[in-house]
Amino acid sequence: MPCIQSLLSKAKDKLATSSDSAALDAEVLMCHVLGKPRSYLRAWPEKTLNASEIDAYWQLIELRQQGQPVAYITGQKEFWSRDFIVTQDVLIPRPDTEILIELALTLIPEHQPAKIIDLGTGSGIIAITLAAERPLANIIATDQSVAALTCAKSNATRHETNNVSFINSNWFNQIPISQFDLIISNPPYIAEDDIHLQQGDLRFEPQSALRAKDQGLSDIKIIISEARNHLKIHGYLLIEHGYNQEQQMQKLFADFNYQQITTYQDYANQPRVTLGRWHG
Ligand code: GLN
């Protein structure tokens, strides 16, 4: 029977043409089959797998060869050091979005209550991470997709979150007029004709979570405009956006009279998040 090391090396070769992270993908899928962490692969490279494990492994490698994202195959993805359940109804969590969390944590003091809303929560990573890091905060997570909310709710259960409530809403449509300290969102922002939508993992992700009309800005415009009715005086609006949308974001925030407008870069040094403060 082949051992872990030889299977990994064969799988890596098989994935070389279909993935730019072939070695990592081969390892993550192996861990999924074995139900072990990655450290196990290093510790036991000579360990042999039984026939059914080998079978299961090649089936997963085959799916990956066909282009399926690893997170959809394993049904999970790590974000901010927590494992989240991921279904095909939600966007796969990206490291880029961690900058949103980092900024939100600087805005929301740890030992004070705060009201936060996460618009278009998808798998729930933003709302649930903030809920865990700020236990006194009261958080609403919305999505217009019922299937996405089901996924987000299972993540809330998994992480024993009790300070997030979920509302099925198209942006602010179902949100009672109330006042938030922070409105946060990773909305769809890719232009409809962007070629990236035809490439890699994006082909498999829900298009409604990725693309927006008006060069990717249509949903962002709704959020920036309507957030004014839902923010407290001195509340914050924090939005993730495309690396090429910094200027338009700055202009939109300014046109709608936000103050202290600042764009921040993600870990790949791309402009990724714009923050504005509402002074009424
Ligand atoms: N950052 C993602 C990408 O470019 C898109 C996420 C989104 O549209 N909100 O792949």
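So, how was this worked out
- Residues numbered from 1 in each chain as written.
- Predicted model: local features only at pLDDT ≥ 70, side-chain atom pairs only at ≥ 80, totals over all residues.
- Heavy atoms only, no water.
- Near = heavy atom within 4 Å.
- Polar contact = N/O pair within 3.5 Å; in protein donor to acceptor, adjacent residues only side chain to side chain.
- Areas by Shrake-Rupley, 256 points an atom, 1.4 Å probe, with all protein chains shown as cover.
- Nonpolar A, V, L, I, M, F, W, Y, C, P; charged D, E, K, R; others polar.
- Core = buried A, V, L, I, M, F, W, Y, C linked by side-chain atoms within 4.5 Å.
- Buried < 20%, exposed > 50% of the residue type's maximum accessible area, 1.4 Å probe, protein only.
- Helix = DSSP H or I, 4+ residues; strand = E, 2+ residues; numbered from the N terminus.
- Contact = heavy atoms within 4.5 Å.
- Pairing = 2+ DSSP bridges.
- Axes fitted to C-alpha atoms, helices over the stretch in contact; angles between N-to-C directions.
- Phe/Tyr/Trp six-rings, centres within 6.5 Å; stacked < 30°, edge-to-face > 60°.
- Lys NZ or Arg CZ within 6 Å of the ring centre and 35° of its normal.

Asker: I'm lost on the site of the ligand in this one. Help?
Answerer: Near the ligand, the surroundings consist of Leu91, Arg94, Asn186, Pro187, Pro188, Tyr189, Ile190, Leu202, Ala209, Leu210 and Glu240. Contact distances for the ligand include 3.0 Å between an oxygen atom and a side-chain N or O atom of Arg94. A distance of 2.8 Å is found between a nitrogen atom of the ligand and a backbone nitrogen or oxygen belonging to Pro187. Protein burial of the ligand: of its 300 Å² of free accessible surface, 87% is covered by the chains. Across the shell around the ligand, the residue classes tally to eight nonpolar, one polar and two charged.

Asker: What should I look at first to understand the nonpolar core in this one?
Answerer: As a rule of thumb, nonpolar side chains are buried together in soluble globular proteins. In terms of nonpolar packing, the biggest core is built from 29 residues, with Ile116, Leu130, Ile139, Leu182, Ile184 and Leu238 touching the most fellow members. If you list the elements that add at least two residues to this core, you get helix 6 (98–107), strand 3 (114–119), helix 7 (125–133), strand 4 (137–143), strand 6 (180–185), strand 9 (231–240) and strand 11 (271–278). Sequence-distant contacts of Leu182, that is, excluding residues within four places in its chain, are made with Ala104, Leu107, Ile108, Lys115, Ile116, Ile117, Tyr236 and Leu238. In terms of nonpolar packing, the next biggest core, distinct from the first, is built from 27 residues, Phe172, Leu217, Ile220 and Ile223 among them.

Asker: What should I look at first to understand the sheet that holds strand 3 in this one?
Answerer: Whenever strands of a sheet pair, they do so through backbone hydrogen bonds, lying parallel or antiparallel. Overall, mixed pairing links the seven strands, which are arranged 5-4-3-6-9-11-10 in an open sheet. Only two strands of the sheet have a single neighbouring strand rather than two, namely strand 5 (164–168) and strand 10 (259–265). Sheet twist, expressed as the average angle between the axes of neighbouring strands with direction ignored, equals 15 degrees. Note: strand 4 against strand 5, five bridges, orientation parallel. Looking at strand 5, one finds that Asp143 is bridged to Asn168.

Asker: Whenever I open this one, the packing of aromatic side chains confuses me. Can you help?
Answerer: Any pair of aromatic rings gets described here by the distance separating the centres and the angle formed by the planes. Tallied over the full model, the rule gives five aromatic pairs. Ring plane angle 45 degrees and centroid distance 5.3 Å describe the contact between Tyr57 and Trp58, whose orientation is recorded as tilted. You can call Tyr57 buried: its relative accessible area is 0%. Owing to a relative accessible area of 23%, Trp58 belongs among the partly exposed residues under this scheme. Residues Phe79 and Phe84 carry aromatic rings whose centres are separated by 6.4 Å and whose planes lie at 70 degrees to one another, so their mutual orientation is edge-to-face. A residue is classified by how much of its surface remains accessible, and Phe84, at 0% relative accessible area, is buried. Ring pairs connect the aromatic residues Phe253, Tyr258 and Trp278, which therefore count as one cluster. Positioned above the aromatic ring of Trp58 is the side chain of Lys14, whose terminal nitrogen or guanidinium carbon lies 5.3 Å from the ring centre.

Asker: Can you walk me through the environment of Gly242 in this structure?
Answerer: Residue placement: Gly242 occurs in the loop between strand 9 and helix 12 (246–255). The exposure class assigned to Gly242 is buried, which follows from its relative accessible area of 6%. Sequence separation between Gly242 and Leu63 is 179 residues; the distance between their C-alpha atoms is 29 Å. Ignoring any residue separated from it by four or fewer positions in sequence, one finds Gly242 in contact with Tyr189, Pro271 and Arg272.

Coordinates in, geometry out; function isn't part of it.
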